[in-house]
Amino acid sequence: MTRRPRTVLAMAPDVRDALLDARAVRRLAALAVCDPGFVVADFDAADGELADAEALLTCWGCPPLTGAVLERMPALRTVVHAAGSVKEHVTAACWERGLTVSSAAWANALPVAEYTVAAILFAGKRVLETAREYRERRTALERPADLGNFHRVVGVVGASRIGRRVLELLRPYDVLTLLYDPYVTAAQAARLGAEHVGLDELARRSDIVTLHAPQLPSTRHLFDARRLALMPDGATLVNTARGTLVDTAALTAELVAGRLRAVLDHTDPEVLPADSPLYDLPNVLLTPHVAGSLGNELPRLAHAALDELQRYAEGSPYAHPVLAADLDTLA
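From a predicted model like this one, the values you see are computed outputs, not experimental measurements.

Draft legend 1. A look at the sheet that holds strand β3 (residues 55-58). The strand order across the open sheet built from 5 strands is β2-β1-β3-β4-β5, with neighbouring strands paired in parallel fashion. Taken across any chain shown, the strands that pair with only one partner, and hence form the sheet edges, are β2 (39-40) and β5 (100-103). Of the pairings in the sheet, the one linking strand β4 (residues 78-81) to β5 comprises 4 bridges and is parallel in character. Bridge assignment links V80 to a residue of β5, and that residue is S102.

Draft legend 2. Just the sheet that holds strand β6 (residues 153-157), in detail. Strand order across the open sheet formed by 7 strands is β8-β7-β6-β9-β10-β11-β12, with parallel pairing between neighbours. Because the sheet does not close on itself, it has two edges, and the strands there are β8 (195-196) and β12 (284-286). Pairing between strand β7 (residues 176-180) and β8: 2 bridges, direction parallel. Counterpart to L178 in the pairing with β8 is E195. Along the sheet, helix α6 (residues 105-124) makes contact with β6, β9 (208-211), β10 (236-239) and β11 (261-264), crossing β9 at roughly 165 degrees.

Draft legend 3. Summary view of the environment of A32. When you line up the elements, A32 lands in the loop between α2 (22-31) and β2. Measuring from C-alpha to C-alpha, the distance between A32 and L179 comes to 42 Å, with 147 residues separating the pair along the chain.

Draft legend 4. How the structure looks around the packing of α2 against helix α13 (residues 298-314). Orientation of α2 relative to α13, taken along the N-to-C sense of each, is 10 degrees, at an axis distance of 10 Å. For the element pair α2 / α13, the angle class is roughly parallel. From α2, R23, A24, R27, L28 and L31 reach across to α13, where they touch A302, H303, L306, D307, L309 and Q310. Residues belonging to the contact of α2 with α13 are distributed by class as follows: 6 nonpolar, 2 polar and 3 charged.

Parameters and conventions
Residues numbered from 1 in each chain as written. Predicted model: local features only at pLDDT ≥ 70, side-chain atom pairs only at ≥ 80, totals over all residues. Heavy atoms only, no water. Pairing = 2+ DSSP bridges. Helix = DSSP H or I, 4+ residues; strand = E, 2+ residues; numbered from the N terminus. Contact = heavy atoms within 4.5 Å. Axes fitted to C-alpha atoms, helices over the stretch in contact; angles between N-to-C directions. Parallel < 35°, antiparallel > 145°, perpendicular 65-115°, else oblique. Nonpolar A, V, L, I, M, F, W, Y, C, P; charged D, E, K, R; others polar.

As structure tokens, this is what we get:
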């Protein structure tokens, strides 16, 4: 019989409520010794309950696992994260301790990729501007000759989980895809269905550029004023990654001038000032970080994490491990 590791939930209480549906609660009870009603959002306030924990099931709102926290958790062996990035709570002390770590980033990538592909297809059809003009004029419109997605050039920046899923979802459509990723070869890009190009070439050739690179010092302002200027007139920038990948001031200037279009689910700052012109521009779609898992998509993350917890209990390797050596290239 599979053993049941003692497991503690570490996340914001409201996240726990949305994450664990009834089936997930039943699965958790079968897989682990765990009180699903007990959730830790502050390690300092939960000393006694942590001493015997072998596994942490984490999600958004989990506090950092510092060296001092780990000293109070001598039995801890693994962290299973029911979301994407672990950088906010898995510290260097975790790797020094030899903890194993898993992430459901692959599951969180699915809705982001779906949102992105919808944004790409709508951009090709100029849906945002056409809908606004139709609403304002309420009469027949002359449709521009350049509407449509046949042989649109889509530039994908970053062969991350999301970037790869976007490429996969775009395959049924008659679009041409370019890929920039310094860690991917031309042969690997071809297997993903894309032409491997440099970043400047991607900017120059793409009708639509979609960003899926991680937030790193080297990727800050990846699209600055110079690179934005390389994009063709009327091109669309889609950002479902991190706001810091784009120089907000430079992008704002291009959008106010009407030369570019944008679909932005992430901005820098994350919430733009109330007087930002981007809220009102007809060539901009702003959404408040909704591309990732929300609502009825959250239980998918829970079950992805529970699949990993089951593997841990059975003594099997994780299907989706996070390794310290990979952190420099992960979001």
